[in-house]
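In case you want the letters, here they are:
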Amino acid sequence: MAKKIVAGNWKMNTNLQEGVALAEGVNNALKGFKANCDVIIAVPFTHLASINAVIDQNLLGLGAENCADKKSGAYTGEVSASMVASTGAKYVILGHSERRQYYGETSETLKEKVALALANGLTPIFCIGEVLEQRENGTYLDVVKDQVESALFNLSAEDFGKIILAYEPVWAIGTGKTATADQAQEMHAHIRGLIAAKYGQSVADNCSILYGGSCKPTNAAELFAKKDVDGGLIGGASLDVESFMGIVKAF
Ligand code: PGA
């Protein structure tokens, strides 16, 4: 069975002090409460080491929102997977649609990032998802198939087994327009089928596939009740302890 996971994606929000306070708030809320899922926060690079110092990663896993596609060297402004790992972070979001859209990330660069993340012991939370036009013209299943195959199907079964996937329809991100639970289930089952065909049923069954896109305390339970939805990647609603915990409690 795939692990159930609720992961926050803070994006470019909070300064260091606000971020540390938010992380402490989530960590405190998780104390004395037995969550029925793993809980993770992915935070800006600048916050990683400070947040690692104030949370208990047995309760709350810590991740970055990106890492470089190069190992080290003359790449001004970039942050490597090894640097991320050295802060104590255990996860890294890769291939978020905002990275693909605004920073030109392609399957080729993402392949490098995935390899470097794995080589440094980080668990990638790898994002895929179609844009509105592709949803409307009916190509969405093929689009996501191509995203998964082109960036991840070069991996060995062992390495693929370390990846968390997040299906995030781009039209649902930050728009308040959530995919219906049935739309999410259709895509998640499709993705699991692709994994089963490539790596076998047991690798597919063990792969956590999260849903992301306007997931909130009010719709999380319905989404998470679907057979192939193993949790959520939460943007806006992860910036507030109560709403994030509301989603954690949906499990
Ligand atoms: P949202 O973002 O929950 O604000 O829609 C999700 C994401 O982009 O990971």
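As shown above, the structure is provided for reference.
Per-chain numbering applies: the sequence of each chain, read as written, is numbered from 1 onward. This being a predicted model, a pLDDT of at least 70 is required before a residue's local features are given, and a value of 80 or more before pairs of side-chain atoms are given or counted; all residues contribute to the totals for chains, interfaces and linings. Side-chain metrics rest on all non-hydrogen atoms present in the structure, leaving aside hydrogens and water.

Whenever I open this one, the overall build of the protein chain confuses me. Can you help?
Helix and strand content of the protein chain: 12 helices and 8 strands. Radius of gyration: C-alpha atoms only; globule rule: 2.2 Å multiplied by the number of residues to the exponent 0.38. What you see for the protein chain is a C-alpha radius of gyration of 17 Å, in line with the 18 Å of a compact globule of 251 residues. With the C-alpha coordinates of the protein chain rotated into their principal frame, the extents come out at 45 × 45 × 35 Å. Residue exposure (1.4 Å probe, protein chains only): buried if accessible area is under 20% of the type maximum, exposed if over 50%, otherwise partly exposed. With 251 residues in all, the protein chain has 52% of them scored as buried. The contact definition used throughout considers only heavy atoms, calling two residues in contact when any of these lie within 4.5 Å. When contacts within the protein chain are restricted to residue pairs at least 6 apart in sequence, long-range pairs at least 24 apart make up 72% of them. Each accessible area is a Shrake-Rupley result for a 1.4 Å probe, and residues are judged covered by the shown protein chains and nothing else. Approximately 10900 Å² of the protein chain is accessible, and the part contributed by carbon and sulfur atoms is 51%. Charge assignment in this entry is limited to Lys and Arg as positive and Asp and Glu as negative, and neither His nor the chain termini are counted. Taken as the charge location is NZ of Lys, CZ of Arg, CG of Asp or CD of Glu. Side chains of the protein chain carry 22 positive and 28 negative charges; the gap between the two charge centres is 4 Å. Here a strand is any run of E in DSSP of at least two residues, a helix any run of H or I of at least four, and the numbering for each starts at the N terminus.

Before we go on, may I ask you to explain the packing of helix α5 (residues 107–119) against helix α7 (residues 140–152) in this structure?
The relative placement of two packed helices comes down to the angle between their axes together with the axis-to-axis distance. Angles run from 0 to 180 degrees between N-to-C directions of axes, and those axes are lines fitted to C-alpha atoms, restricted for helices to the stretch in contact. Contact geometry of α5 with α7 gives a least axis separation of 8 Å together with a crossing angle of 50°. Judged by the angle between their axes, α5 and α7 are oblique. Handedness of the α5/α7 crossing: right-handed. Each of S107, L110, K111 and V114 in α5 lies in contact with α7, whose residues at this interface are Q147, S150, A151 and L152. With respect to orientation, any angle under 35 degrees is reported as roughly parallel, any angle over 145 as roughly antiparallel, any angle of 65 to 115 as roughly perpendicular, and every other angle as oblique. Here a crossing is taken to be left-handed if its near helix is turned anticlockwise relative to the far helix by less than a right angle, and right-handed if that turn runs clockwise.

Hey, could you run me through the site of the ligand in this one?
Looking at the ligand, there are 13 residues lining it, with K11, H96, E168, G174 and S214 nearest. Here an oxygen atom of the ligand and a side-chain polar atom of H96 are 2.7 Å apart. Note that an oxygen atom of the ligand is positioned 2.6 Å from one of the side-chain N or O atoms of E168. With the chains in place, 95% of the 280 Å² that the ligand exposes on its own is no longer accessible. Near is defined per residue: the residue qualifies when any heavy atom it owns lies within 4 Å of the molecule or strand. In the analysis that follows, any N or O atom pair within 3.5 Å is treated as a polar contact, provided that within protein one partner can donate a hydrogen and the other can accept it, and provided that, for residues neighboring in sequence, both atoms belong to side chains.

Looking at this model, I keep getting lost on the nonpolar core. Mind explaining?
A general trend in soluble globular proteins is that nonpolar side chains are found buried together. Buried Ala, Val, Leu, Ile, Met, Phe, Trp, Tyr and Cys residues that are joined via side-chain atoms within 4.5 Å together make up what is termed a nonpolar core. Of all hydrophobic cores here, the largest spans 70 residues; its most connected members are F126, L152, F160, L165 and I195. Here this core takes 8 residues from helix α9 (residues 181–199), the largest share from any one element. Ignoring sequence-local partners within four residues, the contact set of F126 consists of L94, R100, L110, V114, Q147, A151, L152, I163, I164, L165 and A166.

Just checking my understanding: could you explain the sheet that holds strand β3 (residues 61–64) for this structure?
In a beta sheet, neighbouring strands are held together by backbone hydrogen bonds and run either parallel or antiparallel to one another. With parallel pairing, the 8 strands of this closed barrel are ordered in space as β1-β2-β3-β4-β5-β6-β7-β8. Neighbouring strand axes in the sheet, compared pairwise and without regard to direction, differ in orientation by 25° on average. The pairing criterion is simple: DSSP has to find at least two bridges between the two strands. Relative to β3, strand β2 (residues 38–43) runs parallel, the two being bridged by 4 bridges. Bridge pairing links A42 to G63 in β3.

I tried to follow the pairing of strand β8 (residues 231–234) on my own but got confused; where do I start?
Each regular strand carries side chains that alternate between the two faces of the sheet. Neither face of β8 is open: one carries G231 and L233, the other G232 and I234, and all of them are buried. For strand β1 (residues 5–9) and β8, the ladder comprises 4 bridges, and the chain directions are parallel. In the sheet register, G8 faces β8, and the bridge partner there is I234. Relative to β8, strand β7 (residues 209–212) runs parallel, the two sharing 2 bridges. Its bridge partner lying in β8, Y211 is registered against G232.

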